[in-house]
Each structure stands twice: as structure tokens, then as C-alpha cells.
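Chain by chain, the residues run as shown.
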Amino acid sequence: MSKSALITGITGQDGSYLAEHLVSLGYEVHGLIRGQNNPRAAIVRRIVPELHLIEGDLHDQSSLISALEATHPDEVYNLAAISFVALSFKQAINTGEITGLGVTRMLDAIRVVNPKIRFYQASSSEMFGKVRETPQTELTPFHPRSPYGVAKVYGHYITVNYRESYGMFAVSGILFNHESPRRGLEFVSRKITDGVARIKLGLETELRLGNIDSLRDWGFAGDYVRAMHLMLQQEEPDDFVVATGETHSVRELLELAFGQVGLRWQDHVVVDERFLRPADVAMLVGDAGKARSVLGWQPTVSFPELIARMVDSDLRAVAADLTANSAPKPR
Amino acid sequence: MSEAKRRALVTGVTGQDGPYLCELLLEQGYEVHGLVMPGEVVPREVPAAVRLREGLLTDGASLQAALAAAQPQEIYNLAAATSVAASFDDPVAVADVTGLGVLRVLEAVRASGAPIRLLQASSSEIFGGATSSPQDETTPLCPTSPYGVAKAFAHQTVQLYRRSLGIFAATVILYNHESPRRGPGFVTRKITTAAARISRGLEAELRLGNLDVVRDWGYAPDYVRAMHLALQQETADDYVVATGETHSLGELLDIAFSSVGLDWHRHVVTDPGLLRPTEPVRLCGDATRARTRLGWAPTRDFAAIVREMVAADLDRLDQAAPPAASAPGPTAARHQPPG
């Protein structure tokens, strides 16, 4: 009998990659979707036609219980979150509700419906915030510096707590930044590659950014969803850092992205203080040694290749928009 | 308006610490407002001078209304679902009150635009599974219960609002603190009440979980002084408030039962059903920062606290109707029900 999985955050970047991956492994895949007439449902349906969508909301625990009872999953992947750090400062309570408390609602729903269901929590390198050591491992203390980071720390601890207190197979994957052509436009990598495409095609002339000296460990989302799945196939539940171990600055990303289309970023980028976060994290770089040795996981897409794919994809998308409409839609 | 009275809003006013803190603030000349849940029974320990305001930590709008009505310069957030054991039964409700509650208070402070100072009552349970002892303000958090996880969220949220958003928000990381007003669900009070009742012939045995539990137990009236001091500093910070001494449940039993001339070994039965799913190992706080910067120090030692609690429980029994075979338990202060 084939396995069944339920994914929250199905309309996000990772949701569609994970759904594709699980479908390719023969899973019956269900995606939790919230809201009436959610416009993003059509997009994810187009990417993964085999996907079954079911209504539910991390705000509402009884809707989670109903979704679990209806779909009988063997595995639940909790990818849903208010995941944009800057927004979390403006909607701190909502971030706590969804990104933090939503994890507990799902864990508790699993405990009620069937505690044998395996649970994956999408934790984040933002939990390390003002880092206490470099690189960061599963043992590095957390020092979050945003409402998003604080809520993710809560989600991590409560996942560990359900594992240790109730004996559930609940694991936390501490994922460092991971990007793809499907990354949301609010994230800096995609904002840059989309901006490059627009500038290249003559729609815009400048790109406004915050701190271009920020350093990040950027991987490819398609690689990272494989690690999520592997974590739930182990004998014993455990937590893993998933990262490339390489760090790059936004400046390097700009070099690669503009270079890909034969432009100089210095001619187009304007540093705008409005985009600076109240407390920016300094240097995040993960040590995925445990994931490599225990899970046999490793990344397959290098940083330059990742940026090249994103720029190419955005060039095609912007060009298609230009052809379809005389004027492209505003972002 | 420097001649105007200082105003404080206290949440969790019906718990153990709330009445002690209200007494202290009233002595210091504050106008004290207490946040209570709609319909909540307010115990007689809450001083009559406290102005009660209805509101819920789960309802941000009610907190904004309470701030607008009380116009406090200082907020003391003591409200929480305080039972660690019960937190395993309803982790969602615990997180909503104990964790997100402080976030809602902070957002109400931010929305008010007033320079309100906030004191958050953090708990040693945020260190639950700490690998080093004693713990201080720099010890990495390691909560091991839904209560501890929610308290960790609250603690880090307060730090974030202090560091990133410039709000005067301080925490006191309180180790266990007891008093005659401790709720009957807590192990210390459970033991002192049992010692009193057994000595009066009202009961014969006491059922307990893990007797190896070791804690750093202090005196609640001492601890509320640290809360007030933490808001009178130039800048906001975190302070561990603890005695730095640990004692086991066995020692507690020794002192409590011997104070009424009994040997606890003849009355205590260990009951595996009372074990928590996970139990923190050795919690002991290093309060050096509170001692040096706040000038704080505890005034009661462990034995004196336990004896005071047993004596108070005996008084309650003796003040109640003549002991009958099925005498009801003492009418103690009610804690906010968890959740």
C-alpha cells in the first residue's frame, strides 16, 4: 500500500517541491489549504496535478483534526508559516499564532487522531539569529532576533517536547535559506533575480535593497525537501541542520545575477535604508555534517547554478508577461 | 505630573505572587490596577485597594482597553497557566496564555505609544533540561514541558522587544518560590497541607510522584521585591531570582513532618501516576546579577519557609469548623485555572 502524506504550506515554495518529490516516490499527497477560493491553489495544482487539496487552517485545531481524519496520513510535513521576517515585525501576534502556536495545534491534533503519524517541523536558521558560534549545528544555542525567529524557536522546542514527552516521531529540520525559481518575490534572492530580468528587458532601471553585506548560506529548495523526507524515514526521530556550509553575501548574489545577463549591478542597485531590518542577523552558515552522515543527504545545486536558474526562469516569465499583455502586471 | 501617583497594572493578580506584589506596590504609594478574567472569583488575599479591570491575555483588544483605562507606567505580567503538570494536558491553551499573552501585552504597549515599563515573570522552567548548574542569565534555554516552552517564547519575545524595538521590558527568571498562599496543586503546599491534616488525624497518607526532585525554593514575598526593583533601573535587563541552594522533596518532607512531630516515611506513598512525562533534573539559580545590581537578597531560608507554610495550614484547619471526618480542604487562594 502506498504511503500518504499531508503537507501544510502547500502553496509555498517548499510545498510544491515536496509534493512533487513525494508523488515521484509513489505517495498519495494531500495539501492543506486555507481560505475560501485561495488563488494560489490553482498554481500549485498546475505544478502538481496529482495533489489532493483539503481545507484547514493552523488557526483552527478542529479543522486540523478533521483533515487528519479525512486523509489518514502516515506523515505530516508542517511547512506553513508566516515566513517573511520583515512582515513578522508588523504582524507579530499573527506570526506567533501561525508560525508558533500552529505547530502545537498540529502536534496535538496528531496526538488525538493517531500518535503514530510521523511529523516533520520546518525549523529555520533564523532561530540562531545573533549567532553564538559559526558554523551552526544542531547543538548551537538559539538567539532569535525577529518575531518570526522567536516563533520558530517555539515550534522547534514544542516539537522536541512532543517527541520526548509523548514518544511521538516528531522531528525538526533546521533549514538554512533555500531558494528556487518558485521563491516568493518578497525574499531578497528572488527580488534580485526578478529585478535583473526586468532591468534586462527594459521595464525598470533600478533595484532598491537593504543591507547588501548580509551573509547567508543559500541552497536549492529542491535539494532541501529531499532531506525533509529522509528525516521521517529513519529508525529514530532526531533533528538535523540542512545547509550547504557555504556562505555568500548579497553582493556576491548581485554579481552573479547581473553578470548572468551581462550587466553591472553597481549601475542599478540603490541601497535603501527602509529595507533594513530592525535587527539583522549577522552570519548564518550551517554545518550539515549530521544530515550528510546519518541521512546520506547532500546538495546537488551550487550557488552560481542556483542563481543562474533563477535568473533564466525570471527572464522567461517576464518575457512571457510582455508577450501576453502589452504591459506586465505590477509586482 | 510628577506629583501624581504612579500607576501599575498587574496581571495574574489572583495567583500566589499577585497579592504579594499588590501589597508591596500599595505600600510604595502606587495606584494598583489588577487584571482579572471576566467572572473570575477574586480571593480575599487581593487587597481591597486594588482596582480590578477585566481582560484576557488571549484577547489583545481587551488588553488595550485595560491599558487605556488604567494608564499605567508599569505593567507586571504574572498571569500564566502555571501548572507544569497540567500543561501536558492542554499545550495549546498554555501557549496561548503563557506564551502569546505577553506578546499581546507588548503589542498593546507599543500601540499605546506611552513609555510603559513591562516586567515579565519568567520561570526557571525555561532551563528545564539545562546541562549546566547553576543557571544564570546567559544559560541557553532548554525547556522540557509545554509550560516551559511557552515561557521560553515569552522570555525571548520580551528580549526581542527590548533589543529591537526599544521598549523597557525586563524579565525576572524566577526559581520556585513558595509561601502559605501557594496554590494547593503545587507539591510544596500539597506536602505542608498533608502534614497539617495528618497531624490532626484528618488523613493518613500522602501520595507523591518522584521524591528525587531537587529544586531551588525561595520565598514568594522576597521574589516580588525583585520584580519591582527590576523596573526601577536605568535600563531593562534579565535577572535570575533564586536562592542558589537546592533541596530535595525528601528534605522538604523531613522539615514539614517533623515540625508537627511526625515521621514522613510512615505516611508517604510514591505513586508513578503522579510522575510528569519529563522531569527537569537540577534547577539551581545564580542570582549574582540581581544581588549586585538590584541589591536584592532573600530573607527567609528553606526551613523557615516550610515551617511557616505548615503553621499556616494548621491555622486554617483550626479556624475551620470543628474537624469532621470528611473536613473539606482549606479555602486557599484560587489560581487561574490552567487554560
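Reading the values: the criteria
- Residues numbered from 1 in each chain as written.
- Chains lettered and ligands numbered in written order.
- Predicted model: local features only at pLDDT ≥ 70, side-chain atom pairs only at ≥ 80, totals over all residues.
- Helix = DSSP H or I, 4+ residues; strand = E, 2+ residues; numbered from the N terminus.
- Buried ≥ 20, exposed ≤ 12 C-beta atoms within 10 Å, placed from the backbone.
- Contact = placed C-beta atoms within 7 Å.
- Domains from an automatic or database assignment.
- Nonpolar A, V, L, I, M, F, W, Y, C, P; charged D, E, K, R; others polar.
- Pairing = 2+ DSSP bridges.
- Axes fitted to C-alpha atoms, helices over the stretch in contact; angles between N-to-C directions.
- Parallel < 35°, antiparallel > 145°, perpendicular 65-115°, else oblique.
- Left-handed = near helix turned anticlockwise from the far one by under 90°.
- Expected span 1.5 Å × (residues − 1).
- Right-handed = clockwise from strand over helix to strand, strands pointing away.
- pLDDT = per-residue confidence, 0-100.

### A short note on the overall build of chain A
1) Next: Of the regular secondary structure elements, chain A holds eleven helices and 13 strands.
2) Next: Dimensions of chain A, computed from C-alpha atoms along their principal axes, come out at roughly 55 × 45 × 40 Å.
3) Next: Counting only residues that meet the buried cut, chain A has 52% of its 331 residues in that class.
4) Next: Considering only residue pairs separated by 6 or more positions, chain A has 77% of its internal contacts joining residues 24 or more positions apart.

### Brief notes about the environment of F176 of chain A
All names here are of chain A.
1) Next: Along the chain, F176 falls in the loop between β6 (170-175) and β7 (178-179).
2) Next: Note: C-alpha distance between F176 and S123 (53 residues apart in sequence) is 8.8 Å.
3) Next: If we ignore the near neighbours within four places in the chain, the residues touching F176 are S125, D217, G219, V242, A243, L284 and G286.

### Digging into the domain arrangement of chain A
All names here are of chain A.
1) Next: Per the domain assignment, the segments making up chain A are domain 1 (4-178 + 218-242) and domain 2 (185-216 + 247-284 + 301-324).
2) Next: Computed over C-alpha atoms only, the centres of domain 1 and domain 2 are separated by 27 Å.
3) Next: In terms of residue class, the side of domain 1 that touches domain 2 is built from nine nonpolar, five polar and four charged.

### Quick word on the sheet that holds strand β6 (residues 169-174) of chain B
Residues and elements named next belong to chain B.
1) Next: The seven strands lie next to each other as β3-β2-β1-β4-β5-β6-β11, forming an open sheet whose pairing is parallel. Each edge of the open sheet is held by one strand with a lone partner, namely β3 (51-54) and β11 (238-241). Across the sheet, the axes of successive neighbouring strands diverge by a mean angle of 20°, strand direction being ignored.
2) Next: Against the sheet, helix α7 (residues 220-230) touches β4 (74-77), β5 (117-123), β6 and β11, its axis set at about 160° to β6.

### Focus: the domain arrangement of chain B
Residues and elements named next belong to chain B.
1) Next: Parsing chain B into structural domains produces domain 1 (7-176 + 219-241) and domain 2 (178-216 + 245-284 + 297-319).
2) Next: Placing a centre on the C-alpha atoms of domain 1 and another on those of domain 2 gives a separation of 26 Å.
3) Next: Across the boundary between the two partners, domain 1 contributes 21 residues, which contact 19 residues of domain 2.
4) Next: Elements represented by at least two residues in the side of domain 1 that touches domain 2 include exactly α3 (84-87) and α7.
5) Next: Considering each element in turn, the side of domain 1 that touches domain 2 owes the most residues, three residues, to α7.
6) Next: Grouping the constituent residues of the side of domain 1 that touches domain 2 by class yields ten nonpolar, nine polar and two charged.

### Comments concerning the packing of helix α8 (residues 249-258) of chain B against helix α10 (residues 302-319) of chain B
Residue and element names in this part refer to chain B.
1) Next: Contact pair α8 / α10: the axes reach a minimum separation of 9 Å and the direction vectors enclose 50°. Judged by the inter-axis angle, α8 sits oblique to α10. As for the relative orientation of α8 and α10, their crossing is right-handed in sense. Residue-level contacts link L252, I255 and A256 of α8 to A303, V306, R307 and V310 of α10.
2) Next: Class assignment for the residues of the contact of α8 with α10 results in six nonpolar, no polar and one charged.

### A short note on the interface of chain B and chain A
1) Next: With 27 residues of chain B in contact, the opposing surface of chain A contributes 25 residues.
2) Next: Going through the elements one at a time, α4 (91-112) and α5 (146-165) of chain B are the ones with two or more residues in the side of chain B that touches chain A.
3) Next: With ten residues, the single largest contributor to the side of chain B that touches chain A is α5 of chain B.
4) Next: For the side of chain B that touches chain A, a count of residues per class yields 15 nonpolar, eight polar and four charged.

### Here we look at the pairing of strand β5 (residues 118-124) of chain A
Residues and elements named next belong to chain A.
1) Next: Across the seven residues of β5, seven count as buried, placing the element largely inside the fold.
2) Next: Residues R118, Y120, A122 and S124 of β5 are buried on one face, and the alternating residues F119, Q121 and S123, pointing to the opposite face, are buried as well.
3) Next: Summarising the sheet, strand β4 (residues 75-78) and β5 pair through four bridges and their orientation is parallel. Along β5, the bridge assignment pairs V76 with F119.

### Overview of helix α1 (residues 13-24) of chain A
Counting along an α-helix, one turn takes 3.6 residues, and residues three or four places apart therefore face a common direction.
Residue and element names in this part refer to chain A.
1) Next: For α1, built from twelve residues, the straight-helix expectation of 16 Å at 1.5 Å per residue is met to within 8% by its first-to-last C-alpha distance of 17 Å.
2) Next: Taken residue by residue, α1 has Q13, D14, G15, S16, Y17, L18, A19 and L22 as its buried positions.
3) Next: As for α1, its buried residues are in contact with β1 (4-8), β2 (28-33), α2 (40-47), β4, β5 and α8 (221-231).
4) Next: Downstream of α1 by one or two residues, G26 has phi in the positive range, about 90°.

### Considering the pairing of β5 of chain B
Residue and element names in this part refer to chain B.
1) Next: Most of β5 is tucked away: seven of the seven residues are buried.
2) Next: Judged from the four bridges that link them, β4 and β5 form a sheet pairing that is parallel. Looking at the pairing, N77 lines up with Q120 of β5.
3) Next: Once the chain exits β5 it traverses α5 before rejoining the sheet at β6, and the crossover so formed is right-handed.

### A closer look at the sheet that holds β4 of chain A
All names here are of chain A.
1) Next: The seven strands are arranged β3-β2-β1-β4-β5-β6-β11 in an open sheet whose pairing can be described as parallel. Edge positions in the sheet fall to β3 (52-55) and β11 (240-242), since each has one partner strand and no second. Taken over all neighbouring pairs, the strand axes of this sheet differ in orientation by 25° on average, direction set aside.
2) Next: Note that β2 and β3 share four bridges and pair parallel. Bridged to G31 within β3 is L53.
3) Next: Along the sheet, helix α6 (residues 147-166) makes contact with β5 and β6, crossing β5 at roughly 150°.

### Section: the confidence of the model for chain B
Low pLDDT marks regions whose predicted coordinates should not be analysed in detail.
Residues and elements named next belong to chain B.
1) Next: Within chain B, residue pLDDT values average 90, and 91% of them lie at 70 or more.
2) Next: A low-confidence stretch, residues 324-339 (pLDDT under 50), is modelled with 37 contacts involving residues beyond four sequence positions or located in other chains.
3) Next: Predicted complex, confidence summary: ipTM 0.88, pTM 0.89.

### Re the packing of helix α5 (residues 92-113) of chain A against α6 of chain A
Residue and element names in this part refer to chain A.
1) Next: Two elements in contact, α5 and α6, have axes whose closest approach is 8 Å; the angle formed by their N-to-C orientations is 15°. As the angle between them shows, α5 and α6 are arranged roughly parallel. Note on packing geometry: the crossing formed by α5 with α6 is right-handed. Mapping the contact onto sequence places A92, T95, G96, T99, G100, V103, T104, L107 and R111 in α5 and P147, Y148, A151, K152, Y154, G155, I158, T159, Y162 and Y166 in α6.
2) Next: A per-class count over the contact of α5 with α6 returns ten nonpolar, seven polar and two charged.

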